[in-house]
Amino acid sequence: MRTRRARSEWVVAVALTSACGGGGGGSSDGDDPSSTGATTTAATMTGPTSTASPTSGDDPPTSTADPTGTSTTEAPATSTGDDSGTTGAQPTACADDCHYVRAGAAGSGADWNDALPELPAELERGHIYFIAAGSYPAYLFDDAEAGDVVIRVLRASADDHGTDVGWDPAFAAGEAVFGELRFTSGRYEFDGRDATRIVGGFEGTVVDIAAPAVQFRRSDVDGAFAGRGGKHVGGACTAMTISGDDVVVAGNRIHDAADDGVSIAGLVNLSFTGNVIHALHGCGTDGDCGPCYNGHSDGLELFDVADSELVGNMIYDVRSTAAVFFGNWADELGMGASEYCENILLANNILYSPETGFVAYIEDAREIRVLNNVIWGLRQGAYGGLSIGVNVSDLDLYNNVILSINYTHIGGEYDPAEHRGDYNLFGYSLGQWQDGPHDIVAADPQFAAIAGGEGPAAEDPAPDAFAPAAGSPLVDAGWPGDADIVIPPFDFFGQPRGDAPDIGAIE
């Protein structure tokens, strides 16, 4: 029996700029991959139903897509800036510890009639700050910590806004819009309640979490990328960086950065769940597109991350390297094996990256569990799926839909003692991964509205496009797990899995 490190809580790991090339989309390690003995299924191609245009690299973005993803515990990220302001949660009980912030006000924060115009420079530990709709400047969260005492910043809603004194329902309508946010001390809860947007400045980072025990939820993290004539002229390089332990990032929409979506490095216990990352423009110093370092976009970039979970996220429309990238520079630029990623769960994620050479890279990593994910793109010879490199041990892959697995691209080699898996569906078998007895090879998994490995690509997919259609080989073909490998009991949408689960993220 394999034993695993005890995990009483999960933690977050944070942000470096992308140092990887990758891709190689137009090349081929072997244009005629062959099966290695798994069951082969002939399937008819299902065309995508979405026809929305992708964001232009030459014009300011006008992205309106809002695909929703949920982990097993988090609500969807559905920020529209025009909801009813209801949250479904119990209203916050206030004594003398609640403060009220409303753009255009000029008061002390005692109630909505006497509201503060913006968050004050110093916040009080143990207190709550309700935010009304309106525009607010960038903010630095740097208040001295006091044990485990938390400061809460909450978007005011119709059913949770503290006092009724001076309350106007209009305060819950529309967005609360902030400039860039930075957390340099820990123990904050920031909940945008699906009606808060944080907007990045030129060459900046929209949200930087550089401290422990921060919870960041249900906000629109907008890199506000703008291009003109093939050049980056406005908006952030990176949407989010995380460099604090015990961080929770949940239910956010993260989009329109010139380079990376979320850059994570150097910590433990990250819970990154139910987020949507898209519209990463691959624009930087490589190719002379703009000032951002190299511009090799990754949806999630991980380096020196341990004891963490990445669950129920959707990543798509990444213009450069990959949807998920495990950084591979520990041996060349860092402290070697001590900085490899370790004990990471990737489950129920939808990773769709037909624009890149590979959808995901795993290298310099130990104890990686890859369960019930979709890792899909377009076949480009031997490219287009999952690339596994060197120094990968204790890897488990079960119940995933994976376009293909390529070891040779970044020098990896299949190791049957360290690389285990079964009950996956591969679009193509390259003969580099040893297919398990229950693995399936089928060029078209028969998703509800996503084509097989030959395309065409879907430009702006909703998550339910990746549900199995009737008659799909994914249906009831998964594994329920055992004492060592615990299959997520709920799917991407929070629906329970049965004793014969479907392969992929959606039951």
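Quick look at the structure, then. (Residues numbered from 1 in each chain as written. Predicted model: local features only at pLDDT ≥ 70, side-chain atom pairs only at ≥ 80, totals over all residues. Heavy atoms only, no water.)

Okay, the side chain of N313 next. Its place among the elements puts N313 in the loop between β22 (298–311) and β23 (314–316). The exposure class assigned to N313 is buried, which follows from its relative accessible area of 0%. Residues in contact with N313, not counting those within four places in the same chain, are F272, T273, G274, N275, N348, N349, I350 and F492. (Helix = DSSP H or I, 4+ residues; strand = E, 2+ residues; numbered from the N terminus. Buried < 20%, exposed > 50% of the residue type's maximum accessible area, 1.4 Å probe, protein only. Contact = heavy atoms within 4.5 Å.)

Going residue by residue along strand β9 (residues 188–191), you find Y188 and F190 tucked away on one face and E189 and D191 tucked away on the opposite face as well. Strand direction decides the pairing type here: strand β6 (residues 151–155) and β9, joined by four bridges, are parallel. Bridge pairing in β9 links L154 to D191. Relative to strand β12 (residues 214–217), β9 runs parallel, the two being bridged by four bridges. The residue of β12 that forms the bridge with D191 is R217. (Pairing = 2+ DSSP bridges.)

Turning next to the packing of aromatic side chains. Aromatic ring pairs: the centre-centre distance and the angle between the two ring planes describe each pair. Taken as a whole and judged by the stated rule, the model has 25 aromatic pairs. Centre to centre, the rings of F141 and F190 are 6.3 Å apart; their planes meet at 80°, and the pair counts as edge-to-face. Note that F141 is positioned in strand β5 (residues 139–141) and F190 in strand β9, a separation of 49 residues in sequence. Using a relative accessible area of 2% as the deciding quantity, one classes F190 as buried. Put simply, the rings of Y136, Y139, F141, F178, F183, Y188, F190 and F216 pair up and form one aromatic cluster. Positioned above the aromatic ring of Y188, the side-chain terminus of R125 is 4.8 Å from the ring centre. For the cation-ring pair, R379 lies above Y428, with the distance from its terminal atom to the ring centre recorded as 4.5 Å. (Phe/Tyr/Trp six-rings, centres within 6.5 Å; stacked < 30°, edge-to-face > 60°. Lys NZ or Arg CZ within 6 Å of the ring centre and 35° of its normal.)

So, about the pattern of salt bridges. This model, assessed by the stated rule, comprises 16 salt bridges. The partner of R152 in a salt bridge is E189, with the nearest N and O atoms 3.0 Å apart. Of this pair, R152 sits in strand β6 while E189 sits in strand β9, and the two are 37 residues apart along the sequence. For R197, the salt bridge identified is with E175, shortest N-O distance 2.9 Å. Remark: E175 occurs in the loop between β6 and β7 (176–178) and R197 occurs in strand β10 (residues 196–199); sequence separation between them is 22 residues. Members of the salt-bridge network, linked through shared partners, are E145, D148 and R187. (Salt bridge = Lys/Arg side-chain N within 4 Å of Asp/Glu carboxyl O.)

This part is about the nonpolar core. By size, the foremost hydrophobic cluster in this structure holds 83 residues, and its most contacted members are L119, F141, F183, F216, I242, F272 and L300. Setting aside residues up to four positions removed in sequence, F272 forms contacts with I242, V249, I254, V262, I277, L300, E309, L310, V311 and N313. Among the nonpolar cores identified, the runner-up in size contains 26 residues, and Y316, L425, I440 and A505 belong to it. (Core = buried A, V, L, I, M, F, W, Y, C linked by side-chain atoms within 4.5 Å.)

This part is about the state of the cysteines. One pass over the full model with this rule turns up three disulfides. For C237, the disulfide goes to C292, at an S-S distance of 2.0 Å. Judged by the sign of its S-S torsion, about -90°, the bond between C237 and C292 is left-handed. Of the two residues, C237 sits in the loop between β15 (231–234) and β16 (238–242) while C292 sits in the loop between β21 (276–280) and β22, which places them 55 residues apart along the sequence. A single burial state applies to C237 and to C292, both of which are buried. Sequence-ordered numbering of the bonded cysteines in the chain gives a disulfide pattern of 1-2, 3-6, 4-5. (Disulfide = S-S within 2.5 Å.)

A few words on the side chain of D220. In this structure, D220 sits in strand β13 (residues 220–222). Given the relative accessible area of 4%, D220 is considered buried. A polar contact of 2.6 Å, which involves the side chain of D220, links it to the side chain of H255. (Polar contact = N/O pair within 3.5 Å; in protein donor to acceptor, adjacent residues only side chain to side chain.)

The next point concerns the environment of V311. If you trace the backbone, V311 turns up in strand β22. On the accessibility criterion, V311 (5% relative accessible area) is buried. Distance from V311 to A250, taken between C-alpha atoms, is 9.6 Å for residues 61 residues apart in sequence.

This part covers unusual backbone geometry. With an omega of 10°, the peptide bond between G455 and P456 qualifies as cis. Turning to its location among the elements, P456 is positioned in the segment after β36 (440–441). At D246, a position not held by glycine, the phi torsion is positive, near 55°. Looking at the element boundaries, D246 is found in the loop between β16 and β17 (248–250). Phi is positive for N348, which is not a glycine, with a value near 60°. Mapped onto the elements, N348 comes out in the loop between β25 (341–347) and β26 (350–352). You can call N348 buried: its relative accessible area is 0%.

Turning to the environment of N424, a few remarks are in order. For N424, the position within the fold is in the loop between β34 (419–422) and β35 (425–426). For N424, a relative accessible area of 0% gives the class buried. Considering only alpha carbons, one finds N424 and V401, 23 residues apart in sequence, at a separation of 5.9 Å. Contact partners of N424, with chain neighbours within four places excluded, come to L397, Y398, N399, N400, H438, D439, I440 and I503. Polar contacts involving the side chain of N424 include one to the main-chain amide nitrogen of N399, which spans 3.3 Å. In terms of polar contacts, N424 uses its side chain to reach the backbone amide nitrogen of N400, at 3.0 Å.

In this fold, S185 is placed in the loop between β8 (181–183) and β9. The class of S185 is buried, set by a relative accessible area of 9%. Ignoring any residue separated from it by four or fewer positions in sequence, one finds S185 in contact with R125, F141, D142, D143, E145, A211 and V214. Only 2.7 Å separates the side chain of S185 from the backbone oxygen of D143, close enough to count as a polar contact.

Note that all results are geometric; they support no functional claim without further evidence.
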